[in-house]
Amino acid sequence: MKAKITVTPKKAVLDPQGKAVQNALEQMGYKGLRGVHVGKYLEIEVEGDRETVKAQLEEACRKLLSNPVIEDFHLVLE
Amino acid sequence: MTEPAITPELIQKHGLTPDEFARIETILGRRPNYTELGIFSVMWSEHCSYKNTRPLLKGFPTKSEKILVGAGEENAGIIDIGDGLAIAFKIESHNHPSAVEPFQGAATGVGGIIRDIFTMGARPICALNSLRFGELTSPEVRRLFTGVVSGIAHYGNCFGIPTLAGEVYFDKSYEGNPLVNAFCLGVLRHEQIARGAAKGIGNPVFYVGPATGRDGLAGAAFASQDLTEESAEGQRGAVQVGDPFMEKLVMEACLELLATGVVAGIQDMGAAGLTCSTCETAARAGTGIEIELTKVPQRAPNMTSYEIMLSESQERMLIIVNKGHEAAVQKIFDKWDLPWAEIGFVTDTGRMIVRNHGEVVVDIPAKKLTDEAPLYTRDSREPAYLAAVRGFTLAGVPVTKNPGADLQALLAWPSIASKNWVYRQYDYMVRNGTVVCPGSDAAVLRIKQDAVPVLPDGTTGPAFEDKFIALTVDCNATYVYLDPYEGSKLAVAEAARNLACSGAVPLGTTDNLNFANPHNPELFYQLKRSVEGLAEGCRAFNAPVTGGNVSLYNQNPSGPIDPTPTVAMVGIIDDPKHITTQWFKDEGDVVILLGNIVDAADPLLGLGGSAYLQSLHKLKTGTPPRCDLPTEVRLHEGLRGMIRQGWIKSAHDCSEGGLAVAIAESCISQQTGRSTPRLIGAEVEIPGDQRLDALLFGESQARIVISVNPSDVDGTLAFARSAGIPANRLGTVGGARLTIRAAGTTLATETNVLHDAWWNAIARAME
Amino acid sequence: MNFAVLQFPASNCDQDAIHVLKNVLGHSARLVWHKDQSLGAVDGVIVPGGFSYGDYLRTGAIARFSPIMQAVQQFAANGGLVLGICNGFQILCEAGLLPGALIRNRSLQFRCENVFLKPGSSHTPFTRSIPEGALLRIPIAHGEGCFYADDATLDQIEREDRVLFRYVDAQGNRSEESNPNGSVRNIAGICNTARNVGGMMPHPERASEPILGMADGRWIFESILAELAERQKSRAA
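Note that the structure is a prediction, hence the values are computed from the model and not measured.

Novice: Even after reading the chapter, I still don't get the overall build of chain B, so can you show me in this structure?
Specialist: Within chain B, the regular secondary structure consists of 27 helices and 30 strands. Counting only C-alpha atoms, chain B reaches 85 × 60 × 45 Å along its principal axes. Relative to its 767 residues, chain B shows a buried fraction of 64%. Taking as baseline every contact in chain B between residues at least 6 positions apart, the subset at least 24 positions apart corresponds to 84%.

Novice: Sorry, what's going on with the interface of chain C and chain A here?
Specialist: Many structure descriptions define interface size as the accessible area lost when the parts assemble. Every contact between the two is made by 14 residues of chain C and, on the other side, 10 residues of chain A. Elements with a minimum of two residues in the side of chain C that touches chain A: β5 (101-103) and β8 (146-148) of chain C.

Novice: Quick question: what am I supposed to make of the interface of chain C and chain B here?
Specialist: Taken residue by residue, the interface counts 32 residues in chain C and 28 residues in chain B. Of all the secondary-structure elements, those providing two or more residues to the side of chain C that touches chain B are α1 (14-24), β6 (111-119) and β7 (136-142) of chain C. Sort the elements by how many residues they give to the side of chain C that touches chain B and β6 of chain C lands first, with six residues. A per-class count over the side of chain C that touches chain B returns 15 nonpolar, eight polar and nine charged.

Novice: Would you explain the packing of helix α8 (residues 139-159) of chain B against helix α11 (residues 244-259) of chain B in this entry?
Specialist: If you want to describe how two helices pack, look at the angle between their axes and the distance between the axes. Residue and element names in this part refer to chain B. Closest axis-to-axis distance for the α8/α11 pair is 8 Å, and the angle between their directions is 40°. Note that α8 runs across α11; the crossing there is right-handed. Together, His154, Tyr155, Cys158 and Phe159 of α8 and Pro244, Phe245, Glu247 and Lys248 of α11 make up the contact between the two elements. Tallied by class, the residues present in the contact of α8 with α11 amount to five nonpolar, one polar and two charged.

Novice: Quick question: what am I supposed to make of the pairing of strand β11 (residues 340-347) of chain B here?
Specialist: Side-chain positions along a regular strand alternate between the two faces of the sheet. Residues and elements named next belong to chain B. As judged from the five bridges shared by strand β7 (residues 204-208) and β11, these two strands associate in the antiparallel manner. Its bridge partner being in β11, Val205 is matched across the sheet by Gly344. Two elements, strand β9 (residues 288-292) and β11, share four bridges in a ladder whose sense is antiparallel. Bridging from a neighbouring strand, Glu290 pairs with Phe345 of β11.

Novice: In this structure, what is going on with the sheet that holds strand β14 (residues 434-436) of chain B? I would like to understand it.
Specialist: For sheets, the rule is that strands pair by backbone hydrogen bonds, running either parallel or antiparallel. Residue and element names in this part refer to chain B. An order of β14-β15-β16-β21-β17-β18 is seen for the six strands of this open sheet, with the pairing classed as mixed. One side of each edge strand has no neighbouring strand; the edge strands of this open sheet are β14 and β18 (545-551). On average, each strand axis in the sheet is tilted by 25° relative to the strand beside it, whichever way the strands run.

Novice: What should I look at first to understand the confidence of the model for chain C in this one?
Specialist: Parts of the model with low pLDDT should not have their predicted coordinates read in detail. Residues of chain C with pLDDT of at least 70 account for 100%, and the chain-wide mean is 97. Model confidence for the complex: the whole-complex pTM is 0.95, and ipTM, which rates the interface, is 0.97.

Novice: Quick question: what am I supposed to make of helix α3 (residues 34-43) of chain B here?
Specialist: In an α-helix there are 3.6 residues to a turn, and that puts residues three or four apart on one side. With respect to burial, α3 of chain B is a largely interior element, nine of its 10 residues being buried. Buried within α3 of chain B are the following residues: Thr35, Glu36, Leu37, Gly38, Ile39, Phe40, Ser41, Val42 and Met43 of chain B.

Novice: Honestly, the environment of Asp216 of chain C in this entry has me stumped. Any pointers?
Specialist: Residue and element names in this part refer to chain C. For Asp216, the location among the structural elements is in the loop between β11 (197-200) and α5 (218-236). Using a count of 19 C-beta atoms within 10 Å as the deciding quantity, one classes Asp216 as partly exposed. Sequence spacing of Asp216 and Arg137 is 79 residues, and the spatial spacing of their C-alpha atoms is 6.1 Å. Sequence-distant contacts of Asp216, that is, excluding residues within four places in its chain, are made with Leu136, Arg137, Ile138 and Ala207.

Novice: I keep staring at the environment of Arg34 of chain A and nothing clicks. Help me out?
Specialist: Here Arg34 of chain A lies in the loop between α1 (16-27) and β2 (40-45). A sequence separation of 32 residues divides Arg34 of chain A from Lys2 of chain A, and the C-alpha atoms of the two residues are 32 Å apart.

Novice: Would you mind going over the nonpolar core with me for this structure?
Specialist: Nonpolar side chains in soluble globular proteins generally cluster together in the buried interior. Counting 334 residues, the largest nonpolar core has Met43, Ile319, Leu411, Leu471 and Ile663 of chain B as its most contacted members. The biggest single contributor to this core is α11 of chain B, with 11 residues. Counting contributing residues, this core receives three or more from each of domain 1 (1-60 + 196-373) and domain 2 (385-560 + 569-766) of chain B. If we ignore the near neighbours within four places in the chain, the residues touching Ile319 of chain B are Phe206, Val208, Leu257, Val263, Ile266 and Val329 of chain B. Formed by six residues, the second largest nonpolar core is a distinct cluster that contains Ile5, Cys61, Leu65 and Phe73 of chain A.

Thresholds, definitions, all that
Residues numbered from 1 in each chain as written. Chains lettered and ligands numbered in written order. Predicted model: local features only at pLDDT ≥ 70, side-chain atom pairs only at ≥ 80, totals over all residues. Helix = DSSP H or I, 4+ residues; strand = E, 2+ residues; numbered from the N terminus. Buried ≥ 20, exposed ≤ 12 C-beta atoms within 10 Å, placed from the backbone. Contact = placed C-beta atoms within 7 Å. Nonpolar A, V, L, I, M, F, W, Y, C, P; charged D, E, K, R; others polar. Axes fitted to C-alpha atoms, helices over the stretch in contact; angles between N-to-C directions. Left-handed = near helix turned anticlockwise from the far one by under 90°. Pairing = 2+ DSSP bridges. pLDDT = per-residue confidence, 0-100. Core = buried A, V, L, I, M, F, W, Y, C linked by C-beta atoms within 7 Å. Domains from an automatic or database assignment.

Set out below in C-alpha cells:
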C-alpha cells in the first residue's frame, strides 16, 4: 500500500517561503489569498498489516519525518 | 529492442556531417550501429574533441619549470608549489545547461569541475566562477541570475568548498545565453598525481557512485549547438540534477582509495559519461577496455545501450584497480555507503568493447575515437563592425558636466557594483583558509596540512609551512568584442595585475573560451585572434595555460554573445607578510598612482569601450585601451618589489570605471561585518590637461593605485623611478568624504553615499 | 584536553574544528566517525558544521539517528561538555539535547558574512572567559539558521540565563537589521538547562586566528578549556 504524508510548518512558525510565494501570486494578480504555507509531501510504498503499518509510520512521522517543534504532519494510507 | 535505422536525418540530428560519417565508416570498416553513432557524436563534438579549436590552442604556452602535468594530458593541469606539493586547477563552462535550467545547470557545472580536480588525486580546496548575464532590467535575466547564483551556492556550500572569488558582468549580448564558467583548485603531493589511464591488462574496471538514469542525455553534443528558441523548452529534460552530498562522499571515498595505492587509473564521468571515461582511459594507456552494461547500476528500467552509454548522470567515477585488490574498493565504498560495481576489465586489443547481456553492442578502436576526430581550419574574416569601431572618435562625446553624479552612477552600474549580493550566498570561508575574502582584487587562500590528501601511511606527509596562493578570474569582454586580439591580452594583463596587487607571482592560467558559431568566418575571426592574444599575454607573464575549456555556439536568436575568453590565473605569495588588499588603511597615508595618468598615445584616452561610455553615453564602441605587455610586466614586478620592501599598505588595479572608481573602491570596499563597512575618505588631485572624463573614468591600462605611509613615500617614488615605472603622488587618505580635483573641477562626496550606491546596487536591481 | 569532533557524511567543518583545537590551541582532538558506538576517553565533544546527509529532509534530522549520537546523549547526560556549531547546533536541536529548532533564513538565501555577537550570559562553560562587555565578531554561513522556539520555551531560556549569544550591530544594539536570519529574540546560541550542552550558528572555529582577520572565536574555546581545567582541578582535589 501507499502512505501519503504531508508535513507543513506550524502556523505560529515564520514561513518565509510561504510568504514569498504569496507575494509572487499577489504580484501576478491573484486576489483573496489568505495565506500560503509551503510544506513537504512524502510517498512511502510499504507492505504489511494496515494497523501495524499505520502505527509504525505515525511513530516515524513524529521521530524523523517531521519535527514537532516546527511542523505538523498528516498521514493517509491508501 | 529494435534500434533506429541509421538514416541521413539521424546522422544530422547527431550533429555529424556526411564527411564525418564517412570517416566513421572507414574507421570501423562498416556502418556504425545506433549506439556507436551516439558515441561518435559525443566524442566528436566540440566539447570533447576541440575539432574547431585544437590547431589554434597549439599556440598557447604550456610549459614552465613548474608544470608537472601539462595542458591536454589529463583532466586538469598540475603545477609545483614547492615542498613536494602541487596544485591542480581548471575552469569549465556550463552555459547551455544553465540557460535551460539555471539552478541545476550551474550546480552541475560546479560538480563537474570539482570531479575533474579530485580525479587527479587532489583534494579540492576552493572554487571560483565567472558569470555573464543580460541586463538586470529584464525579469527573465533576474530569474536566470538568481537561479545560477543559488545553484552554485547550493552545490559548493553543501560540498564544503569555499567559493572565493569571481566576476559577474551584465550585457545585452548575453540575454538568453548566460555564461557560467566554474573553476576549481585542488592540492596534492607530487607522488599523488593520479592518471586517467586504463593501465594493466586484465585489471578490473569499477563503476562507483550513484546509479545511471536518463539524465542529461547527450549533453556534450547539446553544448555544441546554437541555442534556439525551442531548445530551452525542448531540452529541459536533458539537464542533469546534481547531488553535492553524493559528490562529497564520492570524493572522500576516491581519495581514500587512491591512498591505498591500488588504483591503476581513475576518471570522472562528465560529458558523455561512461563513453568518454572508458574510451579515453583506454586511449591514454594504449590499451583496450571491455565492459558489460548489465552490471552498470541503473536507476530507470529498460534503459538501452545507447542511453546507458550516453547518460550524464552526475557524481559517477570510473576506477581501474590493480588485479587482486578488488576488496579495497568494496571496503571503502561500503564504508561511505556508496554504490559500486565491477563492470569490466582492461584488454590489450586497443578496442572499446561494450556488451549488453553478453552481446557486443559497441566495438570501436579507442584511440581512433579519441584522437582522430576531424580537425577543421575554419575560415576567418575580420568582422565588418570593427571598421566602425576603429573610426570612432571622442569628437561627438560631450565632456561630463556632473562628474560627481557620474561617479555614483558608475559605482552603481551592475558590472562595477559590489557583488556582495552574489558572494554572500556562497560559503567563502569553509576550510579555514580564506585570508582575503571576496571583494578585493584577488582572493588569497592559505594551504595548510589538512588540505593534502591522505598518503598510504595514513598521514598527510611531512609538515610544511603554510602556503599562500592568490586567485582571480577576469575578462572584460567588451574590450574583446572591440578588438579580439588586444582585448584578450588585456584580459590576461588584468588577471596578472590583480595577482600582483595581492602580492602574488603568477604560476599558471586556465582559460574558458566562450564564443559563438565557428562556422561564421567573422565569429571565427574573434576566436582566432583572441587565442593569439591570450597566448601572447600568458607568455609575457610566464603564466602558461594548464588547460581549460572551449564553449562555442553561444548565441541566441538575436545574435552572438560578446567573445568572452575568461582568464583564471593562480599565483603564489612567498611570505604571508606580503599579502596585500585593495582598501586604504590609515588616515594620513599617501595615495600614489603607479603608471601613467592617461595613455596619451591612445586617441581615445582610455575611453574606448569604457564603462563610462557604455553606462552614461550608451556607446559600446571605440578601440579599447592599448595593452603594452612589457610595461605591464615592469609594473607588476615593481609593485611586488615595493610590497617586499614592506611599503605598500594597499594596492588596487585600475580597471572598469578608471581612476576615480578605483580610488572610490579603495575608500569603501572594506567590510568588517554585517552592515558595517569600514569607510575612509581621501583627498586627491589628478594631474593632466586631458578632458575631465578621461582623467576620471578613462581605462588606460597598466595603472595601480597604492597607498603608503608618509615616511615611505620617498622610498616608493625612488624605487618606481629606478624601475622605470611612472609614479604620481595624488593625495592623502582620510576624512569622511572622497574629494577629487581634476581639470579645474572638484567633486566631493561622502563615502557613505558612495558606499551605498556601490554596495546596494545589485540588491536594489533584484528587488 | 582531549576532544572528539564528530564526522557525519558531509560534515564540512570537522577539519576546521580539529585545526583550531590542535594547531591553534595545542590540545588533542580527533575525528570520530558517525557509525562508531563510542566516543572514547574525551573531555569534550564538538558537533561540527556542514551539511550532514546533504541537509535532506531537515537539517540535522538524519544525523541525529547516527549510532554515535547515542554515545553523545550518554556523555551529555553525565555532564560532559558538548558544543554544536552551525549544523552541529541543528543536530543537537533535532536530537532534543537543546530546545527549539533552526529553520530557513528569513531572506530564503544562504548567508555568509561576519556578524556581531553579544554574550547573553557569562555563566556558561561556553562564554565564561569572554571579557565583560565584549562584542565578538564571528562569521555565519548558513541557509537555515533562524532559531525558533515557542514563547514559553523562550521565556524559560531567558529566565534561566541560557542565551549564549545574540545578534547585535557593531555598537552592541539588538535590532532587526542586525539579525541576519530572523531568529526569535535575535538568539544566535543557547545552552541546555544543565548548562553543559551548547549550540550556536556562528562559527567560532573560523575566527580564531589573526591571519584570517578575526580571533574573537577563540574566547569560546578558551571558555571551554577553562571550564574543563576547573573540573579537572575539582576532581583532583
